[in-house]
Amino acid sequence: MNQLLGVEMLKIRKRMMTWILLAVLVAFMVLYVVFSYLSVTSSSSNVSPQEHSALKIALQFPLAFTLILSVTQSIGIILLIILAASLIGNEYGWGTVSQVIGRKGRRTLYMDAKVVALIVITLLLVLIGLAIGTLLSIFTTYKLAGGVNWDFFTSSFAGHLIKMFGWTAFTIMIYILLAMFFATLGRSVIAGIGGALGYHFIEAILVGVFNNASGWSHRIPDYLIGHNAQSLLVTGLDRGPFGSSTNIPSGLHATVVLIIYGMVFLGMILYLFRRQDLTA
Amino acid sequence: MKISNNTDEVVVKTENLTKKFGNLVAVNELNLKIHRGEIFGFLGPNGSGKTTTIGMLIGLIRPTAGRIEIFGQDIMESLTTILPRIGVVMEKPGLYPYLSGSDNLLVLARVSGGVNHKRIGEVLELVGLTSRADDKFQTYSMGMKQRLAIAAALLSDPEFIILDEPTNGLDPSGMKEVRELIKSLGNQGKTMFLNSHLLHEVEQVCDHLAIVKQGKVIAQGETSHLLRRGGALQLRVTDTEKAISILKSTEWISSVTREDDSIQVDVPLERAADISALLAKNNIFLSEMKARESTLETFFLEVTGG
């Protein structure tokens with residue numbers, strides 16, 4: 001397993017795509033915080049007073065951490081769907097999956113190594129997002145509050161932050177598994193990206209539709225991935241800018257639902273891959 | 001890798017190996033036997049199941065029925081212990097375009113396990129790619145890609161090497177180099193399985209061969225024996241007309257044709273003595289008898305009906 005994991009990390013590290021995706025993450029984080037800051041400070045801003053006030057608080061510590069992780073989650077899902085789908089789909093396209101399986105034979109181990117490599121990459125991505133966001137938030141807090149007071153950073157807060165960090169990575173992982181599933185099913189990058197991003201965006205529309213419905217269909221979003229992923233993050237530290245929303249499942253509910261999705265996706269990936277005939 | 005010299009040892013044995021894709025029977029009750037040290041040619045028209053057979057030999061494709069034994073072990077039970085002893089050059093090189101030649105080999109060496117850094121240099125040297133080792137695979141020419149794929153197959157110094165169209169995309173000198181490499185590996189006692197549509201290539205390097213058509217073996221054996229079997233005899237006799245009449249009425253002779261004052265008889269060459277005896281019995285005497293061995297091309301076209 002260690003050898004295969006090392007191979008996967010080497011392949012990810014040597015790919016230009018990895019570094020481009022990282023650059024996109026950094027650029028997105030910077031632009032998001034800069035534009036948010038400008039909309040708060042600009043007198044000609046179109047935001048309502050309530051939104052203005054919520055965003056102003058969100059750009060300052062300690063609530064800034066919720067915003068940072070929420071933004072990291074949003075962009076991280078898209079970037080890592082692309083990476084995960086490429087990591088699987090390209091292997092079919094290049095014929096390298098046959099090259100590796102034809103000399104190792106252990107299909108489950110091969111796929112497990114990819115999953116573990118993507119867990120490591122997800123943790124790194126969230127860590128980088130958190131680091132960049134923290135630096136930017138020092139600036140926004142300083143500008144909006146006249147200074148940074150670190151008194152809130154108690155051991156209990158650090159524990160919460162670690163938990164939030166884990167949840168952010170965990171929710172991204174569910175989408176990674178979804179992308180891996182589609183890429184394995186369709187044996188292509190396009191299938192992986194199209195399937196997972198398609199689900200991600202369609203779900204956002206469906207949640208809006210079902211939230212306005214009545215009866216049992218109103219509860220459907222409670223069993224969808226994105227709704228639970230967002231809930232898990234929002235319930236972590238403080239509802240902050242999302243505080244007005246009470247229509248979200250509990251942390252326990254979201255965790256259980258997402259774990260079930262993750263296990264089902266992983267099981268289906270391994271089942272499919274073990275049964276596939278590969279081209280020699 | 002120390003290789004046993006026991007040429008009686010069966011390295012590959014398939015029994016009624018069958019693969020169906022839906023209603024299509026790609027491989028149909030295939031029975032192959034390859035002994036240690038053989039350079040085995042695997043021939044067949046396009047779509048005859050050759051690449052599917054290779055896929056099944058290395059566990060990429062699951063057989064619908066039948067059995068494969070490699071090194072005396074069933075591959076369904078012992079795949080992970082068998083594969084490190086096999087090297088495969090696939091039809092499509094199957095390497096990472098964004099990695100350099102040496103990084104590609106490094107990746108595959110780590111996957112295989114037990115391959116040291118020195119060996120990567122050795123195989124690069126062997127295929128003549130040392131000077132381009134640090135260039136990205138995507139910048140290689142088709143021939144260089146194929147040579148790197150051969151280097152990858154040799155990384156773990158395997159006992160049994162499968163080559164699926166190894167000279168694809170190579171220029172004539174590249175083809176010659178690969179042929180020489182195959183022969184030299186054969187001389188080292190390695191067992192080789194060569195799938196190629198280039199008949200003269202197979203004829204030049206393979207000592208044994210099998211021809212498949214629609215997933216079934218239609219001819220198998222020693223190359224020289226098969227070519228003799230598909231050969232012809234050219235005769236000059238004392239009474240040409242009478243000889244033609246007698247030979248045409250003989251059951252085990254497939255065809256008799258007159259060529260000026262000589263006769264061409266399509267018959268396995270080992271039956272030359274029987275022909276001589278048959279004619280003598282009828283008071284016809286030979287003034288000349290020449291064996292004309294079939295080429296692999298004519299033999300192939302004859303047995304495949306192409």
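Residues numbered from 1 in each chain as written. Chains lettered and ligands numbered in written order. Predicted model: local features only at pLDDT ≥ 70, side-chain atom pairs only at ≥ 80, totals over all residues. Heavy atoms only, no water.

(A) Looking closely at the sheet that holds strand 1 (residues 10-21) of chain B. All names here are of chain B. The strand order 2-1-4-5 describes an open sheet built from 4 strands, whose pairing is antiparallel. Since the sheet does not close on itself, it has two edges, and those belong to strand 2 (24-35) and strand 5 (73-74), each with one partner. This element, helix 1 (residues 50-57), spans strand 1, strand 2 and strand 4 (65-70) of the sheet and lies at about 115° to strand 1. (Pairing = 2+ DSSP bridges. Helix = DSSP H or I, 4+ residues; strand = E, 2+ residues; numbered from the N terminus. Contact = heavy atoms within 4.5 Å. Axes fitted to C-alpha atoms, helices over the stretch in contact; angles between N-to-C directions.)

(B) Region of interest: the interface of chain A and chain B. Chain A puts 30 residues into the contact, and the matching count from chain B is 34 residues. Taking both sides of the interface into account, the surface hidden between chain A and chain B amounts to around 2,900 Å²; carbon and sulfur atoms contribute 59%. Counting the contacts that link chain A with chain B gives 2 salt bridges. Between chain A and chain B we count 16 residue pairs in polar contact (both at pLDDT 80 or more) in total. Here the side of chain A that touches chain B takes 8 residues from helix 5 (residues 96-104) of chain A, the largest share from any one element. Grouping the constituent residues of the side of chain A that touches chain B by class yields 8 nonpolar, 11 polar and 11 charged. (Buried area = accessible area lost by both parts, 1.4 Å probe. Salt bridge = Lys/Arg side-chain N within 4 Å of Asp/Glu carboxyl O. Polar contact = N/O pair within 3.5 Å; in protein donor to acceptor, adjacent residues only side chain to side chain. Nonpolar A, V, L, I, M, F, W, Y, C, P; charged D, E, K, R; others polar.)

(C) Main features of the pairing of strand 7 (residues 160-164) of chain B. Residue and element names in this part refer to chain B. Counting buried residues in strand 7 gives 5 out of 5 residues, a clear majority hidden from the surface. Residues Phe-160, Ile-162 and Asp-164 point to one face of strand 7 and Ile-161 and Leu-163 to the other, with burial holding for every one of them. Examined bridge by bridge, strand 7 and strand 8 (residues 191-195) share 5 bridges and lie parallel to one another. Residue pairing in the sheet places Ile-161 in a bridge with Met-192 of strand 8. Considered for its hand, the β-α-β crossover made up of strand 7, helix 6 (residues 172-187) and strand 8 is right-handed. (Buried < 20%, exposed > 50% of the residue type's maximum accessible area, 1.4 Å probe, protein only. Right-handed = clockwise from strand over helix to strand, strands pointing away.)

(D) Region of the structure containing the packing of aromatic side chains. This structure, assessed with the given rule, holds 21 aromatic pairs over all chains. Ring plane angle 55° and centroid distance 6.3 Å describe the contact between Phe-65 of chain A and Phe-153 of chain A, whose orientation is recorded as tilted. Of this pair, Phe-65 of chain A sits in helix 4 (residues 64-94) while Phe-153 of chain A sits in the loop between helix 6 (107-145) and helix 7 (155-186), and the two are 88 residues apart along the sequence. The exposure class of Phe-65 of chain A is buried, given its relative accessible area of 3%. Ring centres 6.2 Å apart and planes at 65° place the aromatic pair Tyr-96 of chain B and Tyr-98 of chain B in the edge-to-face group. When sorted by exposure, Tyr-96 of chain B lands in the same class as Tyr-98 of chain B, which is buried. Ring pairs connect the aromatic residues Phe-61, Phe-65, Trp-150, Phe-152, Phe-153 and Phe-157 of chain A, which therefore count as one cluster. The cationic tip of Lys-145 of chain B hangs over the ring face of Phe-137 of chain B; the distance from NZ or CZ to the ring centre is 5.5 Å. Over the ring of Trp-252 of chain B we find Arg-271 of chain B, and its NZ or CZ is 4.1 Å from the ring centre. (Phe/Tyr/Trp six-rings, centres within 6.5 Å; stacked < 30°, edge-to-face > 60°. Lys NZ or Arg CZ within 6 Å of the ring centre and 35° of its normal.)

(E) Up close: the pairing of strand 2 of chain B. All names here are of chain B. Examined bridge by bridge, strand 1 and strand 2 share 8 bridges and lie antiparallel to one another. By the bridge assignment for strand 2, Phe-21 is matched with Leu-24. Here strand 1 folds back onto strand 2, and the loop between the two strands holds 2 residues, one of which, Gly-22, carries a positive phi near 65°.

(F) Layout of the sheet that holds strand 14 (residues 286-292) of chain B. Residues and elements named next belong to chain B. With antiparallel pairing, 4 strands are arranged side by side in an open sheet as 12-13-11-14. Edge positions in the sheet fall to strand 12 (255-259) and strand 14, since each of these pairs with one other strand and no more. Each strand of the sheet is rotated relative to its neighbour by a mean of 20°, with strand direction disregarded. Where strand 11 (residues 232-237) and strand 14 come together, 6 bridges link them in antiparallel fashion. Pairing of Arg-236 across the sheet is with Glu-288, part of strand 14. Along the sheet, helix 9 (residues 240-248) makes contact with strand 11, strand 12 and strand 13 (262-266), crossing strand 12 at roughly 165°.

Note that all results are geometric; they support no functional claim without further evidence.
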